[in-house]
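Here's the letter readout for the chains.
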Number of protein chains: 2
Amino acid sequence: MPMLRKDPIAGRWVIIATERAKRPREYQVDTESLPSGFCPFCAGNEDSTPDPVAIYPKGADQDWSVRVIPNKFPALQTTGELTPHTEGVYEGLAGVGAHEVIIEAAEHVSDLAALPVDQIATVLRAWKDRINDLRNDERLECAVVFKNHGAAAGASLEHTHSQLIALPIIPKRLSEELVGSKRYYLAHDRCVYCDIVAQELDEGTRVVCSDDKVVALTPFASRFPFELWILPREHDPWYENSDDELFASVAAVLKRVLQKLNRALDSPPFNLMLHSAPFPDGDDVSHYHWHLELIPKLTKVAGFEWGTGFYINPTSPESAAEHLREIEID
Amino acid sequence: MPMLRKDPIAGRWVIIATERAKRPREYQVDTESLPSGFCPFCAGNEDSTPDPVAIYPKGADQDWSVRVIPNKFPALQTTGELTPHTEGVYEGLAGVGAHEVIIEAAEHVSDLAALPVDQIATVLRAWKDRINDLRNDERLECAVVFKNHGAAAGASLEHTHSQLIALPIIPKRLSEELVGSKRYYLAHDRCVYCDIVAQELDEGTRVVCSDDKVVALTPFASRFPFELWILPREHDPWYENSDDELFASVAAVLKRVLQKLNRALDSPPFNLMLHSAPFPDGDDVSHYHWHLELIPKLTKVAGFEWGTGFYINPTSPESAAEHLREIEID
């Protein structure tokens, strides 16, 4: 019998279709490749991208290991007033915001999982620094950091990189999570994410791996096969409050999870998204708990999903977690 | 300057990226093909699919023109109790519901737009009849009808068909639209969709085509390039209240819009979704207005969209509507 499951934060439902349950090897991974040839992100080609807004040097023999630049084709513009605009029933705003690219390695590496843990930790630190810098811009409400890996997941360049978009409004999904976690907090006097972490560690069936600071799990109401969340055990609404010790853990767990996915699913394309509380503006967001969400791109989102916001997932999170737990990483 | 626009019903924001505006020919249409060979949906092969729940004969020389069958691999099951299930912080339900397939032609036609208008109207009538039938099942709350055209849009068979899923809960997107249209109604004493139709017909820039009963337009806050909505001019929450005269108009406008998309964008894959009010249960939904939403599959949904529920659309709805208006259909 298929199961209907509800996400305890966003209230979104999914169908876990156990009848036609798929094992990892049954997914046909989209291997559409990205253009090779000249790479504007490689060390030595810095003059083909905008001047950096931040640089992280590794040692004396290298100019940089992580380089953050404004996106050459930004979705939003950094300059300008936040002019509102109405047109009958409609409302709009000038497209003010920031759109940056975090180049995650100087060498031409296409896979974040291939980088050493300390290099991944530097990337995580770069995200934090950029968020902290953009917090000072009074026009902006929050920053979204994400990574598209592989052409099928929307990447247009192969060289490993992530992106940051800072927005003058709080996006729908984040505000749903804020509302949902507040509702739970008012009812139970506890953080819903903390309760999830505790319950999952206790049950174990959906835990992929963990250490003393971080847990990687397949969420109960996974929208997609092999969807993964990485949550810090310690409650904090803001990612940018994290210290280097926590980043070392997140980096190690993220690398491990990506290596497991690569082995289980033939290096699938994926999207990785940071969910963190909006920039502080006096609103109480203490009930929120930052985390990372990772979606391997294995299925197609079709009419039912677009029409409903309701997902059909052909692999239960329990079976996905079990497959991933079984994969040994050296 | 890019523009931020807000959908007046669901409150979702989009970025209309005018700086990197794309013309139709710049989209690379995914032409991934579907398996050919034996087709279980063709007339003559009826014994390879389940027994029909409805059949529409065309004339004396044909057994059927539209045939509705239970999905052989249903996402939900028709039999069983709606047993709730809790597990710590989590809630679930047994996966009870209906999942049917509407085979839209007896011959092996892959494109709905290739069918005559009266045949498309029969398909629309079949949707109505199936919804009316499923309304009698007290376990169910609403029906979602959708169509996936082309492999990239999630279709697995080429023969033109749509699907119906009836659900024991109201899906998120529909409940957002119900909340949004109610909010607007309480503030303005009018239906937001009726106001949109009036404003769009008055302005004209986002109208693709229309007749005296139906309007096809590109929505102000289009999430996707060439996204289209088809709305009846006359207010009605329920699709299944429509009469044959209205279906004749919807069929003609839908066919025209699909023909225009085929010419403008090289027969793109698309998803078509019916949005109609939930089954009547005493709740006031008189403020809702049924409509169709059509999304050609031209761009990839990536990390930013998954992380935020916020879309970046590289073609403004005004420019999409203009391109589509200019295409002449014989």
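What counts and what doesn't
Residues numbered from 1 in each chain as written. Chains lettered and ligands numbered in written order. Predicted model: local features only at pLDDT ≥ 70, side-chain atom pairs only at ≥ 80, totals over all residues. Heavy atoms only, no water. 1 Å grid on protein atoms, 1.4 Å probe; cavity = no way out; pocket = protein on both sides within 12 Å on 5 of 7 lines; lining within 4 Å. Points joined across faces, edges and corners; volume = space filled by probe spheres on them. Helix = DSSP H or I, 4+ residues; strand = E, 2+ residues; numbered from the N terminus. Nonpolar A, V, L, I, M, F, W, Y, C, P; charged D, E, K, R; others polar. UniProt positions renumbered as here; feature names shortened; annotations may be inferred. Least-squares fit on C-alpha atoms with pLDDT ≥ 70 in both. Contact = heavy atoms within 4.5 Å. Buried area = accessible area lost by both parts, 1.4 Å probe. Salt bridge = Lys/Arg side-chain N within 4 Å of Asp/Glu carboxyl O. Polar contact = N/O pair within 3.5 Å; in protein donor to acceptor, adjacent residues only side chain to side chain.

S.K.: How should I be thinking about empty space enclosed by the protein in this particular structure?
M.R.: A water-sized probe, rolled over the atoms, reveals where empty space remains. Enumeration over the complete set of coordinates arrives at nine cavities of 30 Å³ or more. What the largest cavity holds in volume is close to 180 Å³. Within the residue set of the lining of the largest cavity, elements represented by two or more residues are α2 (172-188) of chain A together with α2 (172-188) of chain B. Class assignment of the residues belonging to the lining of the largest cavity gives a composition of two nonpolar, two polar and ten charged.

S.K.: For this particular structure, what's the right way to read the UniProt feature "domain: Galactose-1-phosphate uridyl transferase C-terminal" (unreviewed entry) in chain A?
M.R.: Here, the residues flagged by UniProt with the feature "domain: Galactose-1-phosphate uridyl transferase C-terminal" (unreviewed entry) are residues 182-294 of chain A. When the span residues 182-294 of chain A is considered, its composition is 36% helix and 20% strand, and the gap between its end C-alpha atoms is 23 Å.

S.K.: Is there a simple way to think about the relation of the copies chain B and chain A in this case?
M.R.: To go from the first copy of the chain to the second, apply a rotation about an axis and then a shift along the same axis. Take chain B, turn it by 180 degrees, move it 0.0 Å along the axis, and it overlays chain A with an RMSD of 0.0 Å. Expressed as an axis order, the relation between the two copies is that of a two-fold axis. Closest to the rotation axis within chain B is the C-alpha of Val 301 of chain B, separated from it by 4.5 Å. Of the interface residues in chain B, 100% have counterparts in chain A that sit at the interface too, so the contact is made through matching surfaces.

S.K.: Help me out: how do you make sense of the interface of chain B and chain A in this one?
M.R.: You'll often see interface size given as the accessible area lost when the parts meet. Contact residues are listed per partner, giving 72 residues for chain B and 72 residues for chain A. Both sides of the chain B and chain A interface together cover about 6,400 Å² of buried area, and 65% of this is carbon and sulfur. Of the charged contacts in the structure, one is a salt bridge between Lys 300 of chain A and Glu 32 of chain B, with a shortest N-O distance of 3.3 Å. Our count for the contact surface shared by chain B and chain A stands at 19 residue pairs in polar contact (both at pLDDT 80 or more). A per-class count over the side of chain B that touches chain A returns 39 nonpolar, 16 polar and 17 charged.

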